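Residues per chain, in single letters:
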Amino acid sequence: MRFEDPAADFVPAVARVFGAEPRVLDGSRAVLVGDVKLQLEAGERELWLIETHGVLEHRVGMVEVEEDIERALREARERLRG
């Protein structure tokens, strides 16, 4: 039996994809990169993109995490740039 935990590589993958060391929030399930919070939800199957403005948050989108967390993070980066 094999178990995989996409969240185990989440923080290092964010650093690789975004090119910046993220600030870890809520354990290892959410990070802050600049003014964007990236948060894993729904059993690590959803990556939420959340703009932060002080204490206010606005969910701008969601990327499905299928097999590779880096693929989902690259898609998130492209959505944020677009």
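Use the structure listed above.
Quick look at the structure, then. (Residues numbered from 1 in each chain as written. Predicted model: local features only at pLDDT ≥ 70, side-chain atom pairs only at ≥ 80, totals over all residues. Heavy atoms only, no water.)

1. Examining the pattern of salt bridges
Think of it this way: side chains of opposite charge can pair up when their charged atoms draw near. Evaluated as defined, the whole model comprises 9 salt bridges. Notably, a salt bridge pairs Arg-74 with Glu-70, separated by 3.6 Å at the nearest N-O pair. With a gap of 4 residues between them, Arg-74 and Glu-70 both fall in helix H2 (residues 69-81), about one helical turn apart. Within the structure, one salt-bridge network assembled from shared partners comprises Asp-9, Arg-16, Asp-68, Glu-70 and Arg-74. (Salt bridge = Lys/Arg side-chain N within 4 Å of Asp/Glu carboxyl O. Helix = DSSP H or I, 4+ residues; strand = E, 2+ residues; numbered from the N terminus.)

2. Some thoughts on H2
Look at H2: 18 Å from first C-alpha to last across 13 residues, which is about the 18 Å you get at 1.5 Å a residue. Of all the positions in H2, only Ile-69, Glu-70, Ala-72, Leu-73, Ala-76 and Arg-77 are classed as buried. Relative to the axis of H2, the buried residues are bounded by an arc of 155° and lie together on one face. Of the residues that open H2, the one with a side-chain oxygen 3.2 Å from the backbone nitrogen of Glu-70 is Asp-68. (Expected span 1.5 Å × (residues − 1). Buried < 20%, exposed > 50% of the residue type's maximum accessible area, 1.4 Å probe, protein only. Arc of directions from axis to C-beta. Polar contact = N/O pair within 3.5 Å; in protein donor to acceptor, adjacent residues only side chain to side chain.)

3. Quick look at the packing of helix H1 (residues 10-18) against H2
Close contact between H1 and H2 brings their axes to 10 Å; oriented N to C, the two are set at 45°. It follows from the interaxial angle that H1 and H2 lie oblique. Of the two elements, H1 crosses H2, and the hand of that crossing is right-handed. Seen from H1, the contacting residues are Phe-10, Ala-13, Val-14, Arg-16, Val-17 and Phe-18; seen from H2, they are Ile-69, Glu-70, Leu-73, Arg-74, Arg-77 and Leu-80. Residues belonging to the contact of H1 with H2 are distributed by class as follows: 8 nonpolar, no polar and 4 charged. (Axes fitted to C-alpha atoms, helices over the stretch in contact; angles between N-to-C directions. Parallel < 35°, antiparallel > 145°, perpendicular 65-115°, else oblique. Left-handed = near helix turned anticlockwise from the far one by under 90°. Contact = heavy atoms within 4.5 Å. Nonpolar A, V, L, I, M, F, W, Y, C, P; charged D, E, K, R; others polar.)

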